Amino acid sequence: MPGSKEYQRIESKKQVELDRALRELVLGGQVPTEPGETAFYFMTRKGKLRRLELSPNQAKQLEDGVLGVVERPEPAQIEHSLVPAATAEQMFALSKKAVRFLNRKESPIGFMSDDDVKAQQEAEASGTAPEIADEPKTDEPATEAEAAVPTEGGTPEAGSSEPQAQ
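Residues numbered from 1 in each chain as written. Predicted model: local features only at pLDDT ≥ 70, side-chain atom pairs only at ≥ 80, totals over all residues. Heavy atoms only, no water.

Draft legend 1. Expanded view of the overall build of the protein chain. When helices and strands are tallied, the protein chain shows four helices and six strands. When the helices and strands of the protein chain are placed in sequence order, the string is α-β-β-α-β-β-α-β-α-β. Relative to its full complement of 166 residues, the protein chain shows a buried share of 39%. Considering only residue pairs separated by 6 or more positions, the protein chain has 63% of its internal contacts joining residues 24 or more positions apart. Accessible surface, the protein chain as shown: approximately 9100 Å² in total, 53% of it carbon and sulfur. (Helix = DSSP H or I, 4+ residues; strand = E, 2+ residues; numbered from the N terminus. Buried < 20%, exposed > 50% of the residue type's maximum accessible area, 1.4 Å probe, protein only. Contact = heavy atoms within 4.5 Å. Areas by Shrake-Rupley, 256 points an atom, 1.4 Å probe, with all protein chains shown as cover.)

Listed below in structure tokens is the structure:
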């Protein structure tokens, strides 16, 4: 029965198992980041903008849908990793919120225009950025408002709805 201690214990055990399965997928397919001059922005589950400094090659692989940005649930926190698209798809099947960016042809996950990135940066700087709620317990698809865009030099370029070629 929902609300009972037994129900809470069962739900907690399910979450621990899900986190373990997600962590194993990430660790099994994780691609080492190649530090570089290309800033790639993505949105965390909490609605905060994060940036990875990547090589132009890895930024291009993200743009092309070869790589994805996913959450790696650790016991004390959630880290983010690059994984091949196939691994990101497996993770998406388990938890839609675990995939923070994947440029799929038919339905991109976490895509954001340069203007959206700039607006989010300004909202965070002014303290007015809304916090996105944690993952719902339903199978609802991830919203298109959660997103990512690669840019050169650490600042987004305005006016584009697609990642810029590097």
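The discussion continues.
Draft legend 2. Broad picture of the pairing of strand β4 (residues 78-84). One ladder, built from seven bridges, connects strand β3 (residues 67-73) with β4; its direction is antiparallel. Each residue of the ladder has a partner; that of L67, found in β4, is P84. Hairpin remark: β3 followed by β4, antiparallel, with four residues in the connecting loop. (Pairing = 2+ DSSP bridges.)

Draft legend 3. Spatial organisation of the packing of aromatic side chains. Inspection of the entire model under this criterion finds one aromatic pair. A cation over an aromatic ring shows up here: K96 above the ring of F92, its NZ or CZ 5.1 Å from the ring centre. Cation over ring: R104 sits above F92, and NZ or CZ is 4.8 Å from the ring centre. (Phe/Tyr/Trp six-rings, centres within 6.5 Å; stacked < 30°, edge-to-face > 60°. Lys NZ or Arg CZ within 6 Å of the ring centre and 35° of its normal.)

Draft legend 4. Representation of the side chain of S81 within the structure. Along the chain, S81 falls in strand β4. A distance of 2.7 Å separates polar atoms of two side chains, one belonging to S81 and the other to R72. Once residues lying within four places of it in the same chain are set aside, the contact partners of S81 are V26, Q30, G68, V69, V70 and R72. (Polar contact = N/O pair within 3.5 Å; in protein donor to acceptor, adjacent residues only side chain to side chain.)

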